[in-house]
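# Working through the structure, step by step
The residues making up each chain are set out below.
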Amino acid sequence: MKTAHISPYEPQAIEPKWQRIWEERCQNDVREDPARQKFYLLEMLPYASGDLHVGHARNYTLGDVIARFRRMRGFNVMHPMGFDAFGLPAEAAAIQRGTHPQDWTEANIANMTRQLHRLGVAYDWSRVVDTSSPEYYRWTQWLFLLMYRKGLAYKKEAPVNWCPFDQTILANEQAEGGVCWRCGTRVEQRLVNQWFFKTTAYADRLLEGLDRLPGWPERIKTMQRNWIGRSEGVTFSFDIPAANASISTFTTRLDTVYGVTFIALAPDHPLLERLLEGNEHAVQVRRFVAEIAGKTELERTQMEKLGVFGGVHARHPLTGERVPIWVTNYVVSSYGTGAVMGVPAHDERDFEFAHTHNIDVKTVVVPPNDPSFVARDMPYVDDGVLTRSGEFDGLTSADARRTIAEELIERGIGEETINYKLRDWLISRQRYWGAPIPIVNCPEHGLVPVPEDQLPVLLPYDAPFTGTQGSPLENVPSFVNTTCPQCGGPAKRETDTMDTFMCSSWYFLRYLSPHDARAPWERDAAFYWAPVDHYIGGAEHAVMHLMYARFFYKVLHDENMVPADEPFTRLFNQGFVLGENHEKMSKSRGNVIGIDETADRYGIDALRLFEMFAGPPETDYPWSTTGIAGATRTLNRVWRLVLTHINALRNPPTAAAANGSADADLRYSIHSKIKQLTDEIGDRMHLNTCIAALMTLLNDLEAYAERHEDASKSATFAAGLRALVLMLAPFAPHITEELWERAGQMRSVHLEAWPAYDESALARSLIPYVIQVNGRHRGTIEAPPGSSQDAVLERAKDVPTVSAQLGGKTVRKTIFVKDKLLNIVVG
RNA sequence: GCCGAAGUGGCGGAACUGGCAGACGCACGCGACUCAAAAUCGCGCGAGGUCACCCCUCAUGUGGGUUCGAUUCCCACCUUCGGCACCA
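Residues numbered from 1 in each chain as written. Chains lettered and ligands numbered in written order. Predicted model: local features only at pLDDT ≥ 70, side-chain atom pairs only at ≥ 80, totals over all residues. Heavy atoms only, no water.

## Some points on the sheet that holds strand S21 (residues 481–483)
Ordered by their spatial adjacency, four strands build an open sheet running S20-S19-S22-S21, and the pairing between neighbours is antiparallel. With one partner strand each, in any of the chains shown, strand S20 (446–449) and S21 form the two edges of the open sheet. Ignoring which end each strand starts from, the neighbouring axes of this sheet average 45° apart. Alignment of S21 against strand S22 (residues 490–493), held across three bridges, turns out to be antiparallel. The residue of S22 that forms the bridge with Asn481 is Lys492. (Pairing = 2+ DSSP bridges. Helix = DSSP H or I, 4+ residues; strand = E, 2+ residues; numbered from the N terminus. Axes fitted to C-alpha atoms, helices over the stretch in contact; angles between N-to-C directions.)

## Description of the domain arrangement of chain A
Annotation of chain A at the domain level lists domain 1 (133–177 + 193–198 + 428–498), domain 2 (231–419) and domain 3 (767–826). A separation of 78 Å is found between the C-alpha centroids of domain 1 and domain 3. (Domains from an automatic or database assignment.)

## Remarks on the protein's contact with RNA strand B
Lys305, Tyr335, Arg349, Ala614 and Asn823 are the nearest of the 49 residues found near RNA strand B. Sugar plus phosphate: this is where 66% of the atoms of RNA strand B within 4 Å of the protein reside. In this structure, a phosphate oxygen belonging to RNA strand B sits 3.2 Å away from a main-chain N or O atom of Asp620. Within the side chain of Arg640, an N or O atom sits 3.2 Å from a sugar or linking oxygen of RNA strand B. (Near = heavy atom within 4 Å. Polar contact = N/O pair within 3.5 Å; in protein donor to acceptor, adjacent residues only side chain to side chain.)

## Observations concerning helix H22 (residues 661–682)
Between the first and last C-alpha of H22 there are 32 Å, a value that for 22 residues agrees with the 32 Å anticipated at 1.5 Å per step. Here H22 has its buried residues at Asp663, Leu666, Ser669, Ile670, His671, Ser672, Lys673, Ile674, Leu677, Thr678, Glu680 and Ile681. Structurally, H22 contributes buried residues whose contacts are with helix H2 (54–72), helix H23 (687–707), helix H24 (715–728) and helix H26 (759–762). (Expected span 1.5 Å × (residues − 1). Buried < 20%, exposed > 50% of the residue type's maximum accessible area, 1.4 Å probe, protein only. Contact = heavy atoms within 4.5 Å.)

## Describing the packing of H22 against H24
One way to put it is that H22 packs onto H24 with a least axis distance of 9 Å and a crossing angle of 20°. Overall, the two elements H22 and H24 adopt an arrangement that is roughly parallel. Seen from above, H22 lies across H24 with left-handed handedness. Along the contact surface, H22 presents Asp663, Leu666, Arg667, Ile670, Lys673, Ile674 and Leu677, while H24 presents Thr716, Phe717, Ala719, Gly720, Ala723 and Met727. In terms of residue class, the contact of H22 with H24 is built from eight nonpolar, two polar and three charged. (Parallel < 35°, antiparallel > 145°, perpendicular 65-115°, else oblique. Left-handed = near helix turned anticlockwise from the far one by under 90°. Nonpolar A, V, L, I, M, F, W, Y, C, P; charged D, E, K, R; others polar.)

## Observations regarding the environment of Ala435
Looking at the secondary structure, you find Ala435 in the loop between strand S18 (428–429) and strand S19 (439–442). When the C-alpha atoms of Ala435 and Thr131 are compared, they prove to be 9.0 Å apart, with 304 residues separating the residues in sequence.

## Looking at the pairing of strand S11 (residues 307–315)
Pairing geometry for S11 and strand S12 (residues 322–328), over six bridges, is antiparallel. In the sheet register, Ala314 faces S12, and the bridge partner there is Val323. Connecting S11 to the next strand, S12, in antiparallel fashion are six residues, including Gly320 with a positive phi near 75°.

## Looking at empty space enclosed by the protein
Once rolled over the atoms, a probe with the size of a water molecule shows which space is left empty. Counted by the stated rule, this structure contains five cavities of 30 Å³ or more. Counted as a void, the second largest cavity has a volume near 80 Å³. The wall of the second largest cavity is formed by Gln19, Trp22, Glu23, Asn28, Arg68, His117, Gly120, Val121, Ala122 and Trp125. Per-element accounting of the lining of the second largest cavity gives the leading share, three residues, to helix H1 (residues 11–25). Its residues assigned to classes, the lining of the second largest cavity comprises four nonpolar, four polar and two charged. (1 Å grid on protein atoms, 1.4 Å probe; cavity = no way out; pocket = protein on both sides within 12 Å on 5 of 7 lines; lining within 4 Å. Points joined across faces, edges and corners; volume = space filled by probe spheres on them.)

## Focus: helix H7 (residues 218–228)
Working note: α-helix, 3.6 residues per turn, so residues spaced by three or four point in the same direction. The set of residues buried in H7 consists of Ile220, Lys221, Gln224 and Ile228. On an axial view of H7, the arc spanned by its buried residues comes to 100°, and they lie on one face. Summarising the contacts, the buried residues of H7 are in contact with helix H6 (203–210), helix H17 (544–558) and strand S25 (568–573). The positive-phi residue at the C-terminal boundary of H7 is Gly229, with phi of around 55°. (Arc of directions from axis to C-beta.)

## Comments concerning the pattern of salt bridges
The full count for this structure, using the stated rule, is 46 salt bridges. Where Asp399 meets Arg402, a salt bridge forms, and the shortest distance between an N and an O atom there is 2.7 Å. Of this pair, Asp399 and Arg402 are both found in helix H12 (residues 397–410), three residues apart, which corresponds to roughly one turn of the helix. Under the relative-accessibility criterion, Asp399 is labelled partly exposed at 28%. Residue Asp516 pairs with Arg518 through a salt bridge whose shortest N-O separation is 3.5 Å. Assessed through its relative accessible area of 70%, Arg518 is described here as exposed. Here the salt bridges share partners, and the residues they tie into one network are Glu208, Arg212, Arg550, Lys554, Asp565 and Glu566. (Salt bridge = Lys/Arg side-chain N within 4 Å of Asp/Glu carboxyl O.)

## Topic: the environment of Thr99
In this fold, Thr99 is placed in the loop between helix H3 (88–97) and helix H4 (101–118). Residues contacting Thr99, with those up to four places away along its chain left out, are Ala93, Ala94, Trp104 and Phe465.

## Quick notes on unusual backbone geometry
Between Leu455 and Pro456 the backbone carries a cis peptide bond, its omega angle lying at 0°. Looking at the element boundaries, Pro456 is found in the loop between S20 and helix H13 (477–480). The omega angle of the peptide bond from Ala530 to Pro531 is -5°, so this bond is cis rather than trans. In this structure, Pro531 sits in the loop between helix H16 (523–529) and strand S24 (532–537). At Cys26, a position not held by glycine, the phi torsion is positive, near 50°. Topologically, Cys26 is positioned in the loop between H1 and strand S1 (38–43). Judged by relative accessible area, which is 44%, Cys26 ranks as partly exposed. Despite not being glycine, Met685 shows a phi value in the positive range, around 65°.

## Some points on the nonpolar core
Ranked by size, the top nonpolar core spans 92 residues in total, and within it Leu116, Leu119, Trp623, Leu677, Phe717 and Phe731 carry the most contacts. In terms of residue count, H23 provides more of this core than any other element does, 10 residues in total. Leave out the neighbours within four places in its chain, and Phe731 touches Val65, Arg608, Leu609, Met612, Leu677, Ile681, Leu687, Cys690, Ile691 and Leu694. The next biggest cluster of nonpolar side chains, apart from the first, holds 90 residues, and it includes Phe86, Tyr137, Val476 and Tyr535. (Core = buried A, V, L, I, M, F, W, Y, C linked by side-chain atoms within 4.5 Å.)

So this is what it looks like as structure tokens:
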């Protein structure tokens, strides 16, 4: 093969060239087309942090390959991109460097936009959104008002993480370990008036919806189920005669109720003060409560189980026994009723507590096969059969739970209850860089929503965001002081901004009509495009973003603004790109590989090809400098092969196979690869094996060209070149477009149809049969498909390595798998 | 502690429903081209035995099991990674 006179492959020249042309042609812009099947592909929008690295590139390339493939398969593909632009990092950077959050964010978006263009991803750039722009957050505020109108947004006083140094509230995830992520100060629990969304009202629907999402990873659904934490049980009361009160408890194990030997109260239980009146233990209890109050809930969960006797007894509603009440550190007031019936024999925690405080352990449930069982060294927490439980003895746990519940309900002291771990979503943030909450406080009318025609409530550019003066907007009089929309009298605005997760809970709908000034999105557009068919993003958003977005979507479905009640049909969590040292890529480790430096050196197509080839999309893999060099080498080989035989693409030969079996073999290779990629990209998405298949096809084509001087005149070879370029196009869009143009094609390679495979090319006259003796591979023969067992056996006996194993032994049986294998069992 | 995922050459990985373990690539070695190097191309490349060739044995974290046959299914254990962790 002559390689002379072929221009060198120069990605640095052709990549910007095609990016410019695609942009000028608006080649990737889409619109609704009822005649075609839609496909909405989305990657989670990035936070506007400023710089993209090869991990982002992997994520977006994966989406791009699937989107381009779908487009070539005839789908009308929506593939947009945007920026999650509000948030604390912008404010932190502002405080640190003295730049304004808006300027910092804008500069970052400009840089990231440049880098995203550079990646060659086929986004519809006319739809880009910036969640910090007034055109966008106007609708975030509008959606807040929708929630408010529906009674799903409310304000209440609640304990939150407060950093005394930064003078601000922190989200749970920013106060991990009980310290402020920014300054390391220990956070305090503080009661603050906060805005919440009533996510708990949707708890059951959020749970049930997961069962209708077969396209989601099981582990993400499990995480959401755990987070929602639905549990069914019974709430019933214990009377406290001495205090003339009663204490309500929740349990899922009513079958163990006869084993109650104490009641455990949360230290901040509302009834506690009443129990302590005239109680000789009061001093001790108060000292204990004060000690615990100094700890956050998180710290409490990490301590050993402590408690003091409360000085009073309750009356067991079924046995009438006196049950001591203890105040403990292991019961939390925020779940259930803040009081727990203590059953040491059948609960790990109660057992541990009872053990250290010398409380009775009363076994009331025994394993079915061990009636004399006694919980001595460890509790028995499984279901079993009841004993020492009065009239309920002999019932199974399941039956007992039902029967005892009926009894309590009948007597009017109990009711069936469902509890959730899920709590309402706290959306207030005392920060500057977020969307202001569109509510006005009027001395006459209380909380008054800002009328929709007055949106957006603009974030003032000038605000003292020092990070130490509390909420910055509080200190901007021109913002705070306003008039009541209802009476026109003087009033004050809410100075909190909204959690940025609100911005990202609906952005995928804004993409559908990003410039609409009358509505957050056009209903028709939503009913055409939604839901998102394929959502790609990291698993770190398993609960937060994905739960919030599902909540929003269900509310919007109730409003008939979207066509269904689940926003993301298929969810895919891609793996990370690790550093070359197999460690997580991070600035502090100094192993971050940037997009620009990589593109300059190897080209974007090589980056894309390497990242899709290095491993299956869901697993982590390390960066490899030699690996990407290998991708460049592969592209170089494609370049030379195609240009050497460019005439075969320019004027495809029509002559039938000229080289007999070589052509048939090549044809088989071509069509099997087309079939493999077609099935794989559409379904399992193991793009690494797709690229391996393309490399094999490249090897086969090169070998053919090497052996046949007149390769360019073979119709089969020409078809192979064509298939190679078309199938490589989603992976390496620039080089394929350039080759396509040089082949004299008038249309973009990316608007061509995906090649079709021919079943007849996959049928072979001879196929390999594996011959085993006693299950071990001893040889291979070639025979026609559909050969009989006897025919294969006859042929197999002639294979020396097989006959050597058969020598002198009796054939006991043979196992024959049609078109595949013959196993001869001898002994 | 509980739940889940994963362990395959020097490295990334392949083998999709049990049927030729190591596709494809990287690294490495040898050779061709070259004054030389780079680039490129060709050949080799799990371990051991025998080595002229054929071939044989062992090998998919460890130990068992099911099966004619196990990287694949089952049981136990080890390691790694993720999630949950007093939710009554």
